[in-house]
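Spelled out from the first residue to the last, the chains are:
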Amino acid sequence: MGSGRGLLLWALGLLCLSAALLAPAPSRAAGGVVGTPLRVCILPAEPGMDPATLLRQPERFDCATPQAEFGSGDYWVLSSDIGERSRARRPLTVRIASVWQRGLDVHVLYADGEVATETADASGISRHIELGAIVEHELPLRKAKVVRVLWHVKDAANLRGILIGPRLATRDQSTQSNLVMGAVYAAFGGLCIALIVYNLALWGALRHRFQLAYCAMVGGLLIYALSSSGALAWLWPEIANTTRLRVNHLMLALSGAAALVFARTFFEARVFEGWMGRLTTAMVVALVTAGFGFFLFAPYAIHLADRLYALIFLAVSAVLAPMLWRAWRRRSNYLWLFAVAWALPISTAVARALHNLGLIPWNFWLDNSTILSMAAEALISSLAIAYRIRILSRERDEAITAETMARRLAETDPLTGLLNRRAFLEHSIGRTGRQTLLIADIDHFKRVNDTLGHDGGDEVLRVFARVLRASVPASALVARLGGEEFAIITHSDEPVPAEALLARLRAARMPFDLSVTASVGVCSGPLATEIDWKTLYRGADAALFDAKAAGRDRARAARPETPAAAA
């Protein structure tokens, strides 16, 4: 629990740091929100309307009806009076948010009666895109003051407005805005690239599926940032602005689908058992379908495509609640970190979906909220991945330890800690080169048990095992074959002198200073097969019998006539 609280503090710290790094300084240009707001009025376009005449007839425009109530179509949009000069030392620009429209002409009325005009189709709009997806037109330089600006919006979808966020700014403010937004997007892009490289490297070593899903999510967000920032229009000036918006929606949907796959592979499998897994899969399919559906069909049915897109995002956001509830019910180790990481992106996704449905008004930072919220999420999710890997590593280490302990218990004599007979044979048979087998048997062990009792006898066996283990080279195998009989296998070029072994046994301090001796039989030969083992064992056992017959407390080697000895 302590480590969980520590990681939570780290997550919150990273969230604050990301906000500090990615948010523009309030004393400077607030990103794309620069300049002075312009009030605009609307007039539905009709054939034969002359812009020069309309510029001089502001009374014909509707300044009271909300733009969304006009529907789609062609419109004239007139600004309020400006009354400023566009000079070489202080050029003026007009800035608006990028929305779905197929053409945009700009007409500027000057105090001397001159009208300057610039026309643009959907591709032409892209050439006026600034960072933050702001469409900017620089007002031509004149000695006379600018009276007002008239936009001719062609084939406006009017999903959330005909002309949104109009502002009058200077070129210096525009440059400052680009610098701030460039820093924001560059920081996000650098973060994405670093996280992709880092997690791909980890995936190469660890092969966890959630790392690939995370890389897909961050990669999709990187392309989304490229399109939503307007940088895509800088790289590809001929792209239609409507195509850029379609790419925008596609990449956001694919990133959302990858995020759900990441969540499904990041949480424990028990969280997505049954209906939860099926529901999550359905939402992934719905997001992918919404993204490609918008990209393919928006040019033909933009309102339907946009409405379905927003509703699917709301549905996905609603699915996260039962997902987190299931994670809590199933006692997931990662619930709290996932909740911290995704709180901000979920909130902004809901806010943007509500905006798309016309329930929340447009705001520049709402329009760019995905970048900032996902930057914070990416940082915290990288911490979540590190925490997940730590848990998996700990589980793996515990499993390896448990497996090792189980194997050792299966191979080890529980009383002495030496190999048992089965393990001894398994590890001995097949050793290359000439081997030497020593069989040691404690002399008169029944008397030891009668004198010390079975507990004392067990302690004698443990001491005897420690002496054997300390008397052999590292490559030797030591086992308790059963009762008071022990065996040693060693390479013949690393012999264990039997007399030295007996001397150590005599010198060992036994319980109650009891004097304990042993008899040893020695035999050498190959040990490649089970037949070799039987031959070697018969030779050593016969030598052990000779040692006992000769009075015990001594060692004997196999007689030359023994087949193993002859070998």
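Here the structure is a predicted model, which means the values were calculated and not measured. (Residues numbered from 1 in each chain as written. Predicted model: local features only at pLDDT ≥ 70, side-chain atom pairs only at ≥ 80, totals over all residues. Heavy atoms only, no water.)

Student: What exactly am I supposed to notice about the sheet that holds strand β14 (residues 518-527) here?
Tutor: In sheet architecture, strand pairing relies on hydrogen bonds along the backbone and comes in two forms, parallel and antiparallel. Ordered by their spatial adjacency, five strands build an open sheet running β12-β13-β11-β14-β15, and the pairing between neighbours is mixed. On the outer flanks of this sheet lie β12 (477-482) and β15 (555-557), each paired with one strand and no other. Across this sheet, the average inter-strand angle for adjacent strands is 25°, counted without regard to direction. Note: strand β11 (residues 431-442) against β14, nine bridges, orientation antiparallel. In the strand pairing of β14, alanine 440 is matched with valine 520. (Pairing = 2+ DSSP bridges. Helix = DSSP H or I, 4+ residues; strand = E, 2+ residues; numbered from the N terminus. Axes fitted to C-alpha atoms, helices over the stretch in contact; angles between N-to-C directions.)

Student: Before we go on, may I ask you to explain the pattern of salt bridges in this structure?
Tutor: Opposite charge on two side chains lets them pair, provided their charged atoms get close. Taken as a whole, this structure holds 20 salt bridges when the rule is applied. Note that aspartate 155 is salt-bridged to arginine 102, the shortest N-O span being 2.8 Å. Placement of aspartate 155 in strand β9 (residues 146-156) and of arginine 102 in the loop between β4 (92-97) and β5 (103-110) is noted, with a sequence separation of 53 residues between them. Between arginine 466 and glutamate 459 there is a salt bridge, with its nearest N and O atoms 3.8 Å apart. In this structure arginine 466 comes out as partly exposed when scored by relative accessible area, which is 45%. The class for glutamate 459 is partly exposed, based on a relative accessible area of 27%. (Salt bridge = Lys/Arg side-chain N within 4 Å of Asp/Glu carboxyl O. Buried < 20%, exposed > 50% of the residue type's maximum accessible area, 1.4 Å probe, protein only.)

Student: Would you take a moment to explain the sheet that holds strand β10 (residues 167-170) for this structure?
Tutor: Judged by pairing direction, the sheet is antiparallel, and its five strands sit side by side in the order β1-β10-β4-β8-β7 without closing on themselves. The open sheet has two free edges, formed respectively by β1 (36-37) and β7 (129-130), since each of these has just one partner strand. Bridging between β7 and strand β8 (residues 134-138) involves two bridges; their strand directions are antiparallel. Within the sheet, the bridge partner assigned to glutamate 130 lies in β8 and is isoleucine 134. In the packing of helix α4 (residues 171-206) onto the sheet, the strands contacted are β4, β7, β8 and β10, and the crossing angle to β10 comes to about 90°. (Contact = heavy atoms within 4.5 Å.)

Student: How should the packing of aromatic side chains be read in this particular structure?
Tutor: Counting across every chain of the model gives 12 aromatic pairs. A centroid spacing of 5.8 Å and a plane angle of 75° characterise the contact between phenylalanine 70 and tyrosine 75, whose relative ring orientation is edge-to-face. Their ring planes at 55° and their centres at 5.4 Å tell us that tyrosine 214 and phenylalanine 262 sit as a pair that is tilted. Highlighted residues: tyrosine 214 in helix α5 (residues 209-228) and phenylalanine 262 in helix α7 (residues 241-266), separated in sequence by 48 residues. Each member of the pair, tyrosine 214 as well as phenylalanine 262, carries the same accessibility label: buried. (Phe/Tyr/Trp six-rings, centres within 6.5 Å; stacked < 30°, edge-to-face > 60°.)

Student: Help me understand the pairing of β12 in this model?
Tutor: Sheet faces and side chains relate simply in a regular strand, where the side chains alternate between the two faces. Burial of β12 is extensive: five of the six residues sit out of reach of the surface. With five bridges connecting them, β12 and strand β13 (residues 485-491) associate as antiparallel partners. Looking at the pairing, leucine 477 lines up with isoleucine 489 of β13. Taking the residues that link successive antiparallel strands as the turn, the β12-β13 hairpin has two residues, and the phi of glycine 483 there is positive, at about 55°.

Student: Can you help me understand the pairing of β8 in this one?
Tutor: Buried residues dominate β8, accounting for four of its five residues. As judged from the five bridges shared by β4 and β8, these two strands associate in the antiparallel manner. By the bridge assignment for β8, isoleucine 96 is matched with valine 135. Counting the residues between successive antiparallel strands, the hairpin from β7 to β8 contains three residues, one of them, glycine 132, with a positive phi of roughly 100°.

Student: Mind showing me how you'd approach the state of the cysteines here?
Tutor: Put plainly, two cysteines are in a disulfide when a covalent bond ties their sulfur atoms together. Evaluated as defined, the whole model comprises one disulfide. Note on cysteine connectivity: cysteine 41 is disulfide-linked to cysteine 63, with sulfurs 1.7 Å apart. With the S-S bond torsion at 100°, the cross-link from cysteine 41 to cysteine 63 turns out right-handed. Of this pair, cysteine 41 sits in strand β2 (residues 40-44) while cysteine 63 sits in the loop between α2 (51-55) and β3 (73-79), placing them 22 residues apart in sequence. The exposure class assigned to cysteine 41 is buried, which follows from its relative accessible area of 7%. (Disulfide = S-S within 2.5 Å.)

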